[in-house]
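A structural walkthrough
If you want the building blocks of each chain, they are given just below.
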Amino acid sequence: MRKKIVAGNWKMNLDLEGGRKLATGICEKISENPLETLPGKPEVVFFPPYVFLTEVVKAAEGTSGVSAGSQNIHQLEKGAYTGEVAAPMVKSCGATHTLVGHSERRAYFHEDNALLAKKVEQALNHGLIPVYCCGEVLPEREAGKHFEVVKEQIVNGLFWLKQEAFEKVIIAYEPVWAIGTGVTASPEQAQEMHAFIRKVVGEKYGLQTAEHVSILYGGSCNAQNARELFSQPDVDGGLIGGASLKAPDFLAIIQSF
Ligand code: PEP
């Protein structure tokens, strides 16, 4: 059985106290109602800004199934790159995961698939699980190119990995037109793309690996629509932006399997 995962991408929001409160509040509720007793037995990963990572890791300590990761890493291990943060630094703060290739990184920081492949490599070299984000922009969907675009992102970002390394990766499908817009992909649209991604993975790494990879949906997923999205056979959970900043909403999403 592949893992169900609910991940919260806090983006550039909150401050230290706000981040600590959010993580602590969610973890307290999870302790009262442990993840392993919930349908789907989901795992939870917080993606706070780097500067709160240590505190969020501390807040999550002792709550089974909850961990934290970074929203990005640099493509190199260390060096004279003022302002950047490398995978071993993130790992040393207690992170278990990192996002790679979020659409905001692709759009605003011009991160392309070749660069993202290096970030995936860095993550894996330093024991971080990459959550590799992919997804088309609206004109690509309107032109019927969404499958092609997502396939290219996955092939170029991930398919250079050996089987064993690939099996550590989580994929997040996030149609860019649905991120932060309040427009969610329909459950059918999400399922169609997730099934396609799984097929593409199967063609490269075999059926067993395809069945094993967790594919999360992201894009205006919230407490109201999560259950329908998560009930799709190839949707293994969500990468949640806006709704991850409100503890009651995020908790409701965790309970939506
Ligand atoms: C995201 O940024 O990964 C995301 C899915 O954002 P939102 O849920 O706010 O659309």
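Use the structure listed above.
Anyway, here's the lowdown on the structure attached to this text. In this text, all values refer to a predicted model and were calculated from it rather than measured experimentally. (Residues numbered from 1 in each chain as written. Predicted model: local features only at pLDDT ≥ 70, side-chain atom pairs only at ≥ 80, totals over all residues. Heavy atoms only, no water.)

As for the packing of helix 1 (residues 16–32) against helix 2 (residues 53–60)
Taken N-terminus to C-terminus, the directions of helix 1 and helix 2 make an angle of 20°; their axes are 9 Å apart at the nearest point. Here helix 2 runs roughly parallel to helix 1, going by the angle between their axes. The element helix 1 and its partner helix 2 pack so that their crossing is right-handed. Counted together, Leu16, Gly19, Arg20, Ala23, Thr24 and Cys27 of helix 1 and Glu55, Val56, Ala59 and Ala60 of helix 2 form the full contact between these two elements. Residue composition of the contact of helix 1 with helix 2, grouped by class: 6 nonpolar, 2 polar and 2 charged. (Axes fitted to C-alpha atoms, helices over the stretch in contact; angles between N-to-C directions. Helix = DSSP H or I, 4+ residues; strand = E, 2+ residues; numbered from the N terminus. Parallel < 35°, antiparallel > 145°, perpendicular 65-115°, else oblique. Left-handed = near helix turned anticlockwise from the far one by under 90°. Contact = heavy atoms within 4.5 Å. Nonpolar A, V, L, I, M, F, W, Y, C, P; charged D, E, K, R; others polar.)

Some thoughts on the site of the ligand
The environment of the ligand is made up of 14 residues, and the closest members are Lys11, His102, Glu174, Gly180 and Ser220. Side-chain polar atom of Asn9 to an oxygen atom of the ligand: 3.5 Å apart, as the coordinates give it. In the environment of the ligand, an oxygen atom lies 2.5 Å from a nitrogen or oxygen atom belonging to the side chain of Lys11. When the ligand sits alone it has 290 Å² of accessible area, and the protein chains cover 95% of it. Residues that form the shell around the ligand fall into these classes: 4 nonpolar, 8 polar and 2 charged. (Near = heavy atom within 4 Å. Polar contact = N/O pair within 3.5 Å; in protein donor to acceptor, adjacent residues only side chain to side chain. Areas by Shrake-Rupley, 256 points an atom, 1.4 Å probe, with all protein chains shown as cover.)

Brief notes about the sheet that holds strand 2 (residues 43–47)
Strand order in the closed barrel made by the 8 strands is 1-2-3-4-5-6-7-8, with parallel pairing throughout. Within this sheet the neighbouring strands show an average axis-to-axis angle of 25°, counted without direction. Looking at chain direction, strand 7 (residues 215–218) and strand 8 (residues 237–240) are connected through 2 bridges and run parallel. Considered in strand 8, the bridge of Tyr217 is made with Gly238. (Pairing = 2+ DSSP bridges.)

Structural notes on the side chain of His74
With respect to the helices and strands, the residue His74 is situated in the loop between strand 3 (66–70) and helix 3 (87–92). Residue classification places His74 among the buried positions, given a relative accessible area of 8%. A distance of 3.5 Å separates the side chain of His74 from the side chain of Gln75, its partner in a polar contact. Among the polar contacts made by the side chain of His74, one reaches the main-chain amide nitrogen of Leu76 at a distance of 2.9 Å. Dropping the residues within four chain positions of it, His74 is found in contact with Tyr81, Glu84, Val85, Ala86, Lys119 and Gln122. (Buried < 20%, exposed > 50% of the residue type's maximum accessible area, 1.4 Å probe, protein only.)

These figures capture arrangement, not role.
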